[in-house]
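# Chain and residue survey
Below are the chains, spelled out letter by letter.
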Amino acid sequence: MNYNDIWSLINRYDSIVIFRHKRPDLDALGSQIGLSQAISKNFNNKEVYIVGDMSQRYSFIGKMDDVSDDIISSSLAIICDVSVAEMVSDERYKQAKEVLVIDHHKNECNIPNAFVYSDTTKVACAEIISDMLLNLNLEITAYGATALYGGIVTDSGRFQYPNTTKTTFLVASYLLSFGADIDFIYEHLYVETLEQRLMKNYFSSLFQITEEGVAYLKSTKEVLAKYPNVPFFDISRGMVNLMAGVEEIIIWCNFTYDSENDKVIGEFRSRGVEIVDIAKEFGGGGHPCACGATLANYEEADLVIEAFKRRAIEYKMRLVK
Ligand SMILES: [Mn+2]
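Conventions we followed
- Residues numbered from 1 in each chain as written.
- Predicted model: local features only at pLDDT ≥ 70, side-chain atom pairs only at ≥ 80, totals over all residues.
- Helix = DSSP H or I, 4+ residues; strand = E, 2+ residues; numbered from the N terminus.
- Rg over C-alpha atoms; globule rule 2.2 N^0.38 Å.
- Contact = placed C-beta atoms within 7 Å.
- Pairing = 2+ DSSP bridges.
- Axes fitted to C-alpha atoms, helices over the stretch in contact; angles between N-to-C directions.
- Buried ≥ 20, exposed ≤ 12 C-beta atoms within 10 Å, placed from the backbone.
- Parallel < 35°, antiparallel > 145°, perpendicular 65-115°, else oblique.
- Left-handed = near helix turned anticlockwise from the far one by under 90°.
- Nonpolar A, V, L, I, M, F, W, Y, C, P; charged D, E, K, R; others polar.
- Domains from an automatic or database assignment.

On to the overall build of the chain. The helix and strand inventory of the chain stands at 12 helices and 11 strands. Relative to a compact globule of 321 residues, whose C-alpha radius of gyration would be 20 Å, the chain shows 20 Å and is just as compact. In terms of principal-axis extent, the alpha carbons of the chain reach across some 60 × 40 × 40 Å. Look at the contacts in the chain between residues 6 or more apart in sequence, and 64% of them connect residues 24 or more apart.

What follows concerns the sheet that holds strand β5 (residues 114-118). A sheet is described by the order of its strands in space; here five strands give the open sequence β2-β1-β3-β4-β5, paired in parallel fashion. The outermost strands of the open sheet, each flanked by one partner alone, are β2 (47-50) and β5. If you compare each strand with its neighbour and ignore which way they point, the axes differ by 20° on average. Strand direction decides the pairing type here: strand β1 (residues 15-20) and β2, joined by four bridges, are parallel. Bridge assignment links Ser15 to a residue of β2, and that residue is Glu47. Running at roughly 165° to β1, helix α2 (residues 26-42) makes contact with β1, β2 and β3 (76-80) of the sheet.

Moving on to the pairing of strand β8 (residues 251-258). Burial analysis of β8 places seven of its eight residues in the buried class, the great majority of the element. By the bridge criterion, six bridges tie strand β7 (residues 214-219) to β8 in an arrangement that is parallel. The residue bridging Val214 from the neighbouring strand is Ile251, located in β8. Sheet topology places β8 next to strand β9 (residues 263-270); eight bridges connect them, and they run antiparallel. Each residue of the ladder has a partner; that of Asp258, found in β9, is Lys263. Between β8 and β9, which pair antiparallel and follow one another directly, the connecting turn spans four residues, one of which, Asp262, has a positive phi of 50°.

For the rest of this paragraph, the subject is the packing of α2 against helix α5 (residues 142-155). At a minimum axis distance of 7 Å, the contact between α2 and α5 shows a crossing angle of 155°. Taken together, the axis directions place α2 and α5 in an arrangement best described as roughly antiparallel. Where α2 crosses over α5, the two elements pack in a sense that is left-handed. Of α5, the residues touching α2 (which contributes Leu26, Asp27, Leu29, Gly30, Ser31, Ile33, Gly34, Gln37, Ala38 and Lys41) are Tyr143, Gly144, Ala147, Leu148, Gly150, Gly151, Thr154 and Asp155. Looking at side-chain class alone, the contact of α2 with α5 contains seven nonpolar, eight polar and three charged residues.

The buried fraction of helix α4 (residues 125-135) is high, at eight of 11 residues. Of the positions making up α4, those classed as buried are Cys125, Ala126, Glu127, Ile128, Ile129, Ser130, Met132 and Leu133. Taken together, the buried residues of α4 touch α1 (3-11), α2, β3, β4 (98-103), α5 and α6 (166-176).

Counting buried positions over the five residues of β3 gives five, a clear majority of the element. Alternating residues of β3 divide into Leu76, Ile78 and Cys80 and Ala77 and Ile79, and every residue in both groups is buried. Of the pairings in the sheet, the one linking β1 to β3 comprises five bridges and is parallel in character. Its bridge partner lying in β3, Arg20 is registered against Cys80. Where β3 lies against β4, five bridges are found, and the strand directions are parallel. The residue bridging Ile78 from the neighbouring strand is Leu100, located in β4.

Right, let's talk about the domain arrangement of the chain for a bit. Under the domain assignment used here, the chain contains domain 1 (3-189) and domain 2 (197-316). Between the C-alpha centres of domain 1 and domain 2 the distance comes to 28 Å. Taken together, the five residues of domain 1 in the interface contact four residues of domain 2. The class makeup of the residues in the side of domain 1 that touches domain 2 is no nonpolar, three polar and two charged.

Before going further, it helps to spend a moment on the sheet that holds β7. The strand order β6-β7-β8-β9-β11-β10 describes an open sheet built from six strands, whose pairing is mixed. Since the sheet does not close on itself, it has two edges, and those belong to β6 (208-209) and β10 (285-287), each with one partner. Sheet topology note: the β9/strand β11 (residues 290-295) ladder contains six bridges and is antiparallel. Bridging across to β11, Glu267 finds its partner in Gly292. Relative to the sheet, helix α12 (residues 298-316) contacts β7, β8, β9 and β11, its axis offset from that of β8 by approximately 175°.

By the element assignment, Lys166 lies in helix α6. The class of Lys166 is exposed, set by 7 C-beta atoms lying within 10 Å. Note: C-alpha distance between Lys166 and Tyr58 (108 residues apart in sequence) is 27 Å.

Take a look at the structure:
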């Protein structure tokens, strides 16, 4: 599949419903909103809908639509930023006439009968969509450009992660030419309330560092009980990078108790060394230096920490890249 194939598939449908992964990040939401805005801008007779669960953290970017089963069954379903069937939010994509997956993760797609556009060289799914717009000379609304920009900024760690390329900057520039609102994105991403800052101070006081350079935070049931109104996501992913940017820390991770499923959600990050293979060993996945896994309990979390310690040693001895 190439960009022209994607656009001509869209062209064949009067109605398109755009899906993405559960517990959405800004790349999932930005891809969804950006693509829907691009379709509406370039065709004037198509109905486009966006669906899925919403996280409070990113509610500033927009709202999902209520879509009936009838609409979905006569639509093209497009799934953004995920290739794993179990991770798609709203499984009614299965009822759609055809399914198209657009993703940048390094997973084999297991979504049945789908057209797949996969580009793992892209830092964000929003980068793929923006690159398609640029290459096909398509327009987008300022709102759609802002949403795509938000996806690129967050998935690239503010243009810092190693898979940030010249294309990333090229498409960011293209989005700015349509009025992407950088201030709006940064205002919502990097300004926090006093309560949030104090909560971060508390979590910062909890993490441990091993002599190998592995930092870990255990956000246990007892810890979470102090913050009953804070969404899970804001702790699991929101607190992991408190350990980032510290010279002595090579790999850092947050293990958060998920009371709904009685599991421990591990979020793993690293600097300069790949760790996703370890995440996969524990049934998880993600990006080379930003990944995660669902673990049975804290004993299993300790095994992950042990594996990270070995990786940190290998890295220091230059045995791995
Ligand atoms: Mn993504």
